[in-house]
Amino acid sequence: MKNILVFSLLFILLGMSALVSSAQNKDTAVITGFISKQATQESGTEYESARKVVKGDLNRDGVADLAVLYKIEGQNGSNNYVQYLAVFTRNKDGLVPVTYTVVGGKSNRSVELTSIRNNVISFKTLNYGPKDAACCPSKKGATRFVLVNSKLKEL
């Protein structure tokens, strides 16, 4: 009897794991499709290793949404790069892209997505000081964004 119980529990856990994995794969496909379309429009490519995804409620509906920080580089063969923040909300059909905005980039600032708390997206930043080279911002800071009427607003 004990073996049957253990086997049943294992079977249930494996099934739940497969459902979670399937949902994550769908989310990744939506995000990748969104970014790929934008990269094509900009004649650039996504630097996929720089992508960061954070979960949290952004539209105050009690459901975890996603904030995605990503980098598109090489626009039109250049050595430029731009960091973007995109927001995806979740409805009954799945993940839906809402909006995106520039948050950093070459000769602008470097940003690191850290968290979503109380409907606010938080970042650590490195800004350019007066003597910094174009490659290397050094002035530490922070910024925050909120989703207001389907638009991102920096606080």
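Everything below is about the structure shown above.
Just so you know, the residues in each chain are numbered from 1, in the order the chain's sequence is written. The model is predicted, so local features are restricted to residues of pLDDT at least 70 and side-chain atom pairs to those at 80 or more, both for listing and for counting; the totals for chains, interfaces and linings are taken over all residues. To obtain the side-chain values, all non-hydrogen atoms of the structure were used and water was disregarded.

In this structure, what is going on with the nonpolar core? I would like to understand it.
Soluble, globular proteins show a tendency: their nonpolar side chains are buried together. Leu-85, Ile-121 and Phe-123 are the most contacted members of the largest nonpolar core, which totals 15 residues. Under the DSSP-based scheme used, a helix requires at least four consecutive residues in state H or I and a strand at least two consecutive residues in state E, with every element numbered from the N terminus. Elements represented by at least two residues in this core include exactly strand S3 (65-73), strand S4 (81-91), strand S6 (109-117), strand S7 (120-127) and strand S8 (139-148). Ranked by the residues each element gives to this core, the list is headed by S6, at three residues. Throughout, a contact is declared for two residues whenever any of their heavy atoms are within 4.5 Å. Excluding residues that lie within four positions of it along the chain, Leu-85 makes contacts with Ala-67, Val-68, Tyr-70, Thr-99, Tyr-100, Thr-101, Val-103, Ile-121, Phe-123, Phe-145 and Leu-152. Only buried residues count toward a nonpolar core. Its members are Ala, Val, Leu, Ile, Met, Phe, Trp, Tyr and Cys residues joined through side-chain atoms within 4.5 Å. Accessible area is worked out with a 1.4 Å probe on protein chains only. A residue is then buried under 20% of its type maximum, exposed over 50%, and partly exposed in between. Counting twelve residues, the second largest nonpolar core, distinct from the first, contains Ile-31, Tyr-70, Tyr-84 and Ala-86.

Just to check I follow, could you spell out the pattern of salt bridges for this structure?
Throughout this description, the term salt bridge denotes a Lys or Arg side-chain nitrogen within 4 Å of a carboxyl oxygen of Asp or Glu. Counting across every chain of the model gives three salt bridges. Arg-51 is paired through a salt bridge with Glu-46; the nearest N and O atoms lie 2.7 Å apart. Note that Glu-154 is salt-bridged to Arg-109, the shortest N-O span being 3.0 Å. Placement of the pair is Glu-154 in strand S9 (residues 151-154) and Arg-109 in strand S6, with a sequence separation of 45 residues. Relative accessible area serves as the criterion here: at 37%, Glu-154 is assigned to the partly exposed category. Among the residues examined, Arg-109 registers a relative accessible area of 13% and is labelled buried.

I would appreciate a short explanation of the side chain of Thr-125 in the present structure.
Here Thr-125 is to be found in strand S7. Accessibility expressed as a relative area gives 5% for Thr-125, which makes it buried. In protein, a polar contact requires one atom able to donate a hydrogen and another able to accept it; more generally it is a pair of N or O atoms within 3.5 Å, and residues adjacent in sequence count only if both atoms are side-chain atoms. Engagement of the side chain of Thr-125 in a polar contact is seen with the side chain of Asn-127, the distance being 3.4 Å. At 3.2 Å, the side chain of Thr-125 and the backbone nitrogen of Ala-142 are in polar contact. Not counting chain neighbours up to four residues away, the residues in contact with Thr-125 comprise Arg-109, Ser-110, Val-111, Lys-139, Lys-140, Gly-141, Ala-142 and Thr-143.

Looking at this structure, I do not really get unusual backbone geometry. What am I missing?
A negative phi angle is the norm for most residues apart from glycine, just as the trans form is the norm for most peptide bonds. The phi dihedral of Ser-43 falls on the positive side, at around 55 degrees, and the residue is not glycine. Assignment of secondary structure puts Ser-43 in the loop between helix H1 (2-41) and strand S1 (45-46). Unlike most non-glycine residues, Ser-107 shows phi in positive territory, near 60 degrees. One can find Ser-107 in the loop between strand S5 (94-105) and S6.

What should I look at first to understand the environment of Ser-150 in this one?
Mapped onto the elements, Ser-150 comes out in the loop between S8 and S9. When its relative accessible area of 46% is taken as the criterion, Ser-150 is described as partly exposed. It is 10.0 Å that separates the C-alpha atoms of Ser-150 and Pro-97, two residues lying 53 residues apart in sequence. Once residues within four sequence positions are removed from consideration, Ser-150 is found in contact with Val-98 and Thr-99.

Just to check I follow, could you spell out the packing of aromatic side chains for this structure?
The relative placement of two aromatic rings is captured by the distance of their centres and the angle of their planes. Note on aromatic contacts: the rings of Phe and Tyr and the six-membered ring of Trp form a pair at centre separations within 6.5 Å, being stacked when their planes are under 30 degrees apart, edge-to-face when over 60 apart, and tilted otherwise. Scanning the model with the defined rule gives five aromatic pairs in all. Measuring from ring centre to ring centre gives 5.8 Å for Phe-34 and Tyr-100, while their planes differ by 75 degrees; the resulting arrangement is edge-to-face. Remark: Tyr-100 occurs in strand S5 and Phe-34 occurs in helix H1; sequence separation between them is 66 residues. For Phe-34, a relative accessible area of 21% gives the class partly exposed. Residue classification places Tyr-100 among the partly exposed positions, given a relative accessible area of 39%.

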